[in-house]
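Structure assessment
As a plain string of letters, each chain reads:
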Amino acid sequence: MTLRNAFAEFVKHPSPWMIAVFVVGSLTARLIIGGWSWVDAVVPVILLAISPVVEWLIHVGILHWRPRRIGKLTIDSLLAREHRAHHQDPRDIPLIFIPWPVLVWLLPLLTAIGVFAFGRVGLGLTFLFTVTAFLLVYEWTHYLIHTDYKPRSRLYRATWRNHRFHHYKNEHYWFTVTTTGTADRILHTYPDPNSVEKSPTAKDLHAKA
């Protein structure tokens, strides 16, 4: 598979378009408003620095959430259900993407944070642009890893290998997707692959081994 073939399939799905609208919209609004300061350079640096840990926490705490019952109520989010299905069939393309019903509330929520949680709207738009741009990079990277496109660069090859280990070797390790094990190294989920046994539940999360 070529990158052109991969991209042609990528743009057929709703979540990249939904995120791209907010990327372009926030960037356009930021350029129109102006009023730049040094803080506008600091915010993206901080967000990108913490993004691997945030990605790890979301993957572990939300995507790998084990359904819990409180009385007659079962707590099990759409993200967790879709992610379990993604592990069952990692090559099912629609399951690779962030579910669009999640983006329907997540993107407006991020917009509200950008508008109301910062001292000025311009800085909030810098935040919104950075976060949505990262989401788009995440969607593309995660999607590409699950296609037949073969890694060529050393950096992408390492990223590709780590996520493949997570799906096909052991689901308890290698939780980062867009980086080469950064947060996994910090949070001790980056073992030597040769020291890890193949998990019988990698495709059936939470099943008894």
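As the structure is a prediction and not an experimental result, all values here were calculated from the model.

1. Description of the overall build of the chain
- Within the chain, the regular secondary structure consists of eight helices and two strands.
- Sequence-ordered secondary structure for the chain, helices as α and strands as β, is α-α-α-β-β-α-α-α-α-α.
- Expected size for 209 residues packed as a compact globule is a radius of gyration near 17 Å; at 18 Å, the chain falls within 12% of this value.
- As presented, the chain carries roughly 11,700 Å² of accessible surface, and 67% of it is formed by carbon and sulfur atoms.
- Between the averaged position of the 22 positive side-chain charges in the chain and that of its 14 negative side-chain charges there is a distance of 1 Å.

2. A closer look at the UniProt feature "domain: Fatty acid hydroxylase" (unreviewed entry) in the chain
- Per the UniProt annotation, the sites labelled "domain: Fatty acid hydroxylase" (unreviewed entry) are residues 45–189.
- Structurally, residues 45–189 is divided into 63% helix and 4% strand, and its ends, taken at the C-alpha atoms, are 25 Å apart.

3. With respect to the packing of aromatic side chains
- Counted according to the given criterion, the structure contains twelve aromatic pairs.
- A ring pair is formed by Phe10 and Trp140, whose centres lie 5.0 Å apart and whose planes are at 80 degrees; its orientation type is edge-to-face. Of the two residues, Phe10 sits in helix α1 (residues 3–10) while Trp140 sits in helix α6 (residues 121–145), which places them 130 residues apart along the sequence.
- Ring geometry for Tyr173 versus Trp174: centroids 5.7 Å apart, planes at 65 degrees, classification edge-to-face.
- For Trp174, a relative accessible area of 1% gives the class buried.
- Directly above the aromatic system of Trp36 lies the positively charged group of Arg30, at a separation of 3.8 Å from the ring centroid.

4. Quick notes on the nonpolar core
- Formed by 27 residues in total, the largest nonpolar core has its most connected members in Ile98, Leu103, Leu110, Phe127, Leu135 and Tyr143.
- Contributing elements (two or more residues each) for this core: α1, α2 (14–33), α3 (39–63), α5 (100–116) and α6.
- Top element by residues in this core is α6. It accounts for ten residues.
- Setting aside anything within four residues of it in sequence, one finds Ile98 in contact with Ser15, Leu103, Leu135, Tyr138 and Glu139.

5. What to know about the pattern of salt bridges
- Enumeration according to the criterion identifies five salt bridges in this entry.
- Note that Arg84 is salt-bridged to Asp76, the shortest N-O span being 2.5 Å. Judged on exposure class, the residue Arg84 and its partner Asp76 are both buried.
- Through salt bridges with shared partners, a single network forms among Arg30, Asp40 and Arg120.

What counts and how
Residues numbered from 1 in each chain as written. Predicted model: local features only at pLDDT ≥ 70, side-chain atom pairs only at ≥ 80, totals over all residues. Heavy atoms only, no water. Helix = DSSP H or I, 4+ residues; strand = E, 2+ residues; numbered from the N terminus. Rg over C-alpha atoms; globule rule 2.2 N^0.38 Å. Areas by Shrake-Rupley, 256 points an atom, 1.4 Å probe, with all protein chains shown as cover. Lys, Arg positive; Asp, Glu negative; His and termini not counted. Charge placed at Lys NZ, Arg CZ, Asp CG, Glu CD. UniProt positions renumbered as here; feature names shortened; annotations may be inferred. Phe/Tyr/Trp six-rings, centres within 6.5 Å; stacked < 30°, edge-to-face > 60°. Buried < 20%, exposed > 50% of the residue type's maximum accessible area, 1.4 Å probe, protein only. Lys NZ or Arg CZ within 6 Å of the ring centre and 35° of its normal. Core = buried A, V, L, I, M, F, W, Y, C linked by side-chain atoms within 4.5 Å. Contact = heavy atoms within 4.5 Å. Salt bridge = Lys/Arg side-chain N within 4 Å of Asp/Glu carboxyl O.

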